[in-house]
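# Coordinates in review
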Amino acid sequence: AMEFLAVSAAMGAKELFTYNRDNYKFDQDQSIEREGFRLRMQVLRFQLFREDVRDLVKLTVDRMDIYHLVGALFLQFCVVLFCEGRGQ
């Protein structure tokens, strides 16, 4: 009878260990996948931030190019207006 109890306890302990082990391994696999997905999404999110900053800077630079062109044409107009015929 004593041997039967020892064998039953050992089998019960083994069953308890393997029952929860499968669930634990499944949860760990999902946890690792979730963490990898979170990191990939974070990298993509910051790439979007960088792209937004790049677009804003490009917009400012393009606008300044137009201002420089208009300023140069205005300066040329003023020079022609004030200096035309003065040297004669």
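Residues numbered from 1 in each chain as written. Predicted model: local features only at pLDDT ≥ 70, side-chain atom pairs only at ≥ 80, totals over all residues. Heavy atoms only, no water.

### Section: a nonpolar patch on the surface
The grouping of Phe74, Phe77, Leu81 and Phe82 at the surface amounts to a nonpolar patch, some 490 Å² of accessible area in total. Relative to the assigned elements, phenylalanine 77 resides in helix H1 (residues 2-83). (Patch = residues over 30% accessible without salt bridge, like charges linked within 9 Å, V, L, I, M, F, W, Y side chains within 5 Å. Areas by Shrake-Rupley, 256 points an atom, 1.4 Å probe, with all protein chains shown as cover. Salt bridge = Lys/Arg side-chain N within 4 Å of Asp/Glu carboxyl O. Helix = DSSP H or I, 4+ residues; strand = E, 2+ residues; numbered from the N terminus.)

### Considerations on the packing of aromatic side chains
One pass over the structure, following the stated rule, counts one aromatic pair. Centre to centre, the rings of phenylalanine 46 and phenylalanine 49 are 5.4 Å apart; their planes meet at 85 degrees, and the pair counts as edge-to-face. You can see phenylalanine 46 and its partner phenylalanine 49 sitting in helix H1, three residues apart, about one turn around the helix. Above the plane of the ring of phenylalanine 46 lies arginine 45, whose end atom (NZ or CZ) is 5.6 Å from the centre. (Phe/Tyr/Trp six-rings, centres within 6.5 Å; stacked < 30°, edge-to-face > 60°. Lys NZ or Arg CZ within 6 Å of the ring centre and 35° of its normal.)

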